[in-house]
Amino acid sequence: MMYRTKQKTVLLAVAFLTIWPMAHHVIVRTLDLNPWKWFGWSMYTVPPQRVRAFAFSLDDQRLLDLSRLSRREAQRLMQAYNDFSSLRLEFGPRVEPDGFARALLAAFPEVTGVSIYIQRLGVDRASATVVEQSLTDPPYTYRRNDLFE
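The rules behind each value
- Residues numbered from 1 in each chain as written.
- Predicted model: local features only at pLDDT ≥ 70, side-chain atom pairs only at ≥ 80, totals over all residues.
- Heavy atoms only, no water.
- Salt bridge = Lys/Arg side-chain N within 4 Å of Asp/Glu carboxyl O.
- Helix = DSSP H or I, 4+ residues; strand = E, 2+ residues; numbered from the N terminus.
- Buried < 20%, exposed > 50% of the residue type's maximum accessible area, 1.4 Å probe, protein only.
- Phe/Tyr/Trp six-rings, centres within 6.5 Å; stacked < 30°, edge-to-face > 60°.
- Pairing = 2+ DSSP bridges.
- Expected span 1.5 Å × (residues − 1).
- Contact = heavy atoms within 4.5 Å.
- Core = buried A, V, L, I, M, F, W, Y, C linked by side-chain atoms within 4.5 Å.

(A) The arrangement of the pattern of salt bridges in detail. In the structure shown here, the tally under the stated rule is one salt bridge. Put simply, Arg 68 and Glu 110 hold a salt bridge, and the shortest N to O gap is 2.4 Å. Note that Arg 68 is positioned in the loop between β1 (50-57) and α2 (71-91) and Glu 110 in the loop between α3 (98-107) and β2 (113-124), a separation of 42 residues in sequence. The exposure class of Arg 68 is partly exposed, given its relative accessible area of 44%. When its relative accessible area of 48% is taken as the criterion, Glu 110 is described as partly exposed.

Written out as structure tokens, the structure reads:
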């Protein structure tokens, strides 16, 4: 490689490494993406985020009792939840819990539908404490007839 080519390559790399952290931060904040992804340094500004989901029966508005599930059903449900939460953390609110809702309705055949509330835990920059950042309102609502037609 000639000296001129090496020089241009180094300058391009330095320019990229100078501009990308700022661009990454803007993209993460604008699109509500996970700051720990996409080869950026915004991850150093916040701890890893977490997603929690609360599922309620549409029949009686009660929280679904996961303790009554068999071990196998609970594992399937946990896998569906993990798939959803990892995608939700990476791509933000554009990811809906459709697969998780299907798994819930399969695990609870007696309910006609479920409401799923999503909560994200993150850092409040003003107080530097971990807080609930969002709780879906209205919740995602899934009826058995709509999902399994």
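Moving on from the coordinates now.
(B) Layout of the packing of aromatic side chains. All told, the structure shown has three aromatic pairs when counted by the stated rule. Between the aromatic rings of Phe 56 and Tyr 117, the centroid separation amounts to 5.5 Å while the plane-to-plane angle is 85 degrees, which identifies the pairing as edge-to-face. Residue Phe 56 is located in strand β1, and its partner Tyr 117 is located in strand β2; the two are separated by 61 residues in the primary sequence. On the accessibility criterion, Phe 56 (22% relative accessible area) is partly exposed.

(C) Quick look at the pairing of strand β4 (residues 140-143). Residues Tyr 140 and Tyr 142 of β4 are buried on one face, while the alternating residues Thr 141 and Arg 143, pointing to the opposite face, are not. With four bridges joining them, β2 and β4 adopt antiparallel strand pairing. Paired with Gly 113 across the strands is Arg 143, a residue of β4.

(D) Layout of α2. Between the first and last C-alpha of α2 there are 30 Å, a value that for 21 residues agrees with the 30 Å anticipated at 1.5 Å per step. Of the surrounding secondary structure, the elements contacted by the buried residues of α2 are β1, α3, β2 and β4. Immediately downstream of α2, the backbone of Gly 92 shows phi near 80 degrees, a positive value.

(E) Spotlight on the nonpolar core. One finds Leu 64, Phe 100, Leu 104, Phe 108, Val 114 and Ile 116 to be the most contacted residues of the largest nonpolar core, which totals 23 residues. Going through the elements one at a time, β1, α2, α3, β2 and β4 are the ones with two or more residues in this core. Here this core gets six residues from one element, more than from any other, and that element is α3. Those residues in contact with Phe 108 that lie beyond four places of it in its chain are Leu 64, Asp 65, Leu 66, Arg 68, Leu 69 and Arg 144.

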